[in-house]
Structures are given as structure tokens and as C-alpha cells.
Amino acid sequence: MMTESPTDPPIDTAGLDRWLRAFAAAIAENEELLTRLDSAIGDADHGANMARGMKAVVAKLDESPPAGPAALLKQAGMTLVSTVGGASGPLYGTFFLRMAQAVGDATELDEAALAEALRAGLEGIVARGKAAAGDKTMYDALAPAVDAMDAALGGEEIGGALRAAAEAAAQGRDATTEMEARKGRASYLGERSVGHQDPGATSAALLLSTAADTLP
Ligand code: ADP
Ligand code: MG
């Protein structure tokens, strides 16, 4: 039986800082894509919303570097809630705030603690937005990723588990194209939302791909 590798370094505050900065950079790079996707089934502001929010998150990291994992995640969550007006601000904000709660006063996270925190973040998004599988939202990228992470627990090094999660998020993002939106602005379009990739699922896939790039 495989167990967690002793060479698998735990995730610390610096790792989470790298993740948030990489996510901010990926959002900035993909701002036009996110705007284009939201212009098809929403109000064309998802790129601007996420770019503004993540720019503020990075500015906060520079201004007042948090002392531990929970403080860092909490600061990011509060910043997103207060700087992003659209649906995605409170949803991503809640994701990071719930992650912070789950982390508690731990100074380092192993694979299981990270998986637990991601699960808590996902549950926060559900508590706030009431999305379920197939509603064509960020949930459809995040939930398969968290499931993939759980499935990989103990069987792989943390990098492998995060790559599996990122791959599941990308597949979940792609699957939103054929879904009919049942939550958020896109739901106003009914079946005319079919054939368009969901913007929030697209940014959520970036959240996982940057985690796989930076956390291990
Ligand atoms: P707004 O819809 O207010 O313009 P954004 O454009 O920033 O906000 O974000 C839109 C994204 O938010 C959607 O693509 C979808 O993935 C996500 N979303 C909207 N409503 C919900 C919800 N109730 N639960 C989960 N995700 C949602
Ligand atoms: Mg929008």
C-alpha cells in the first residue's frame, strides 16, 4: 500500500501565497476570455470582476503579509467579498473564508488537510449559491476537482492529487458547454444558454490549475 511520501513537503503560508499570486496572474491573462464567455450568457463582467478582485488580493498580500495559512485565506476571502460586486465575489470569497475556517490554526497543511479545506470551500459556495451538479456554474468545475482530490488521498503525492483535481476541473468546465443554466444570470436565457462554456467554471478551472502548478 502506498502512503504519503516522506519527501512530500507540506503546504505552508508561502505556498498558499504563491497559489493566490499565480491565480491572479492567470485571471489577468484570461480576463478577455472570461469577459467574452460572460458576454454570451451573462453581462460581460466576469473578467473584470475577477481581475479587480484578485488584483486587490495581491495588493493586500504585499501590504500586510499574513502570518499563517488561515490568516492568508481569510484575508483573500474578505478582499474578494468587499471588492467584487458580481455573484462571483461573494462565492469565491466564501470559498476562501471557509477554507480558512477549515485550516484553523495549522501552520502547514498535508494532502488530507488541503483536501478537507477545499471541500469546506466548496460547501461554502453551495451554502451561499445553492448550486447543484449540472446547473452550469463554477460548482461544475470545483466539485469534480474536490472529488478527484479526495479519491487520490493517500495514494499519490500531493502534486499528483492536485494534477488529478486540475484535470477534473478542466473536464467539468468543458462539460458546462452543453448544460442549460439553472443558476445566476445565465439562467435567464434558459435553453439559449446551451452551447456556451460557463465563465465561472472557466475561472474555477484556473484556480485548480494554478494550485497544481504552485502548491506542491
Ligand atoms: P454576475 O453573474 O453577478 O455578473 P460574474 O459574472 O462575476 O457575476 O460571475 C458569473 C459566474 O458566477 C457564473 O458563470 C457562474 O459560474 C457563477 N454563479 C452564478 N450564480 C451562481 C450560484 N448561485 N452558485 C454558484 N455559482 C454561481
Ligand atoms: Mg457577469
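1. Regarding helix α1 (residues 13–29)
Here α1 contains 17 residues, and its C-alpha end-to-end distance of 24 Å stays within 8% of the 24 Å for a straight helix at 1.5 Å per residue. Along α1, the residues classified as buried are Thr-13, Gly-15, Leu-16, Asp-17, Trp-19, Leu-20, Ala-22, Phe-23, Ala-24, Ala-26 and Ile-27. Tucked into the core, α1 has its buried residues touching α2 (31–41), α3 (46–63), α4 (69–83), α5 (88–103), α6 (111–129) and α9 (199–214).

2. Focus on the site of ligand 1
As a structural note, the neighbourhood of ligand 1 is formed by 20 residues, with Asn-49, Ala-87, Ser-88, Gly-129 and Asp-198 the closest of them. At 3.0 Å from an oxygen atom of ligand 1 is found a side-chain nitrogen or oxygen belonging to Asp-38. Residue Met-138 places a main-chain N or O atom 2.9 Å away from an oxygen atom belonging to ligand 1. Surface burial for ligand 1 is 92%, taken as the share of its 560 Å² of free accessible area covered by protein chains.

3. Some words on the side chain of Thr-137
Within the secondary structure layout, Thr-137 lies in the loop between α6 and α7 (139–152). One polar contact links the side chain of Thr-137 to the main-chain amide nitrogen of Tyr-139, over a distance of 3.0 Å. Sequence-distant contacts of Thr-137, defined by excluding residues within four places in its chain, comprise Ala-131, Thr-176, Lys-183, Asp-198 and Ala-201.

4. Remarks on the pattern of salt bridges
Per the counting criterion, the structure on display carries nine salt bridges. Across the salt bridge formed by Arg-119 and Asp-150, the nearest N and O atoms sit 2.6 Å from each other. In this pair, Arg-119 sits in helix α6 while Asp-150 sits in helix α7, placing the two residues 31 residues apart along the sequence. Residue class for Arg-119 comes out partly exposed when judged on its relative accessible area of 24%. Between Asp-135 and Lys-183 there is a salt bridge, with the nearest N and O atoms lying 3.7 Å from each other. Taken as a pair, Asp-135 in the loop between α6 and α7 and Lys-183 in the loop between α8 (158–175) and α9 lie far apart in primary sequence, 48 residues in all. The class of Asp-135 is buried, set by a relative accessible area of 4%. Taking the relative accessible area as the measure of exposure, Lys-183 reaches 30% and is therefore partly exposed.

5. Structural notes on the packing of α2 against α3
Two numbers describe how α2 lies on α3: the axes approach to 6 Å, and their chain directions differ by 140°. With respect to their mutual orientation, α2 and α3 come out oblique. Contacts between α2 and α3 pair Glu-31, Leu-34, Thr-35 and Asp-38 from the former with His-46, Gly-47, Ala-48 and Ala-51 from the latter. Classifying every residue of the contact of α2 with α3 gives three nonpolar, three polar and two charged.

About the criteria used
- Residues numbered from 1 in each chain as written.
- Chains lettered and ligands numbered in written order.
- Predicted model: local features only at pLDDT ≥ 70, side-chain atom pairs only at ≥ 80, totals over all residues.
- Heavy atoms only, no water.
- Helix = DSSP H or I, 4+ residues; strand = E, 2+ residues; numbered from the N terminus.
- Expected span 1.5 Å × (residues − 1).
- Buried < 20%, exposed > 50% of the residue type's maximum accessible area, 1.4 Å probe, protein only.
- Contact = heavy atoms within 4.5 Å.
- Near = heavy atom within 4 Å.
- Polar contact = N/O pair within 3.5 Å; in protein donor to acceptor, adjacent residues only side chain to side chain.
- Areas by Shrake-Rupley, 256 points an atom, 1.4 Å probe, with all protein chains shown as cover.
- Salt bridge = Lys/Arg side-chain N within 4 Å of Asp/Glu carboxyl O.
- Axes fitted to C-alpha atoms, helices over the stretch in contact; angles between N-to-C directions.
- Parallel < 35°, antiparallel > 145°, perpendicular 65-115°, else oblique.
- Nonpolar A, V, L, I, M, F, W, Y, C, P; charged D, E, K, R; others polar.

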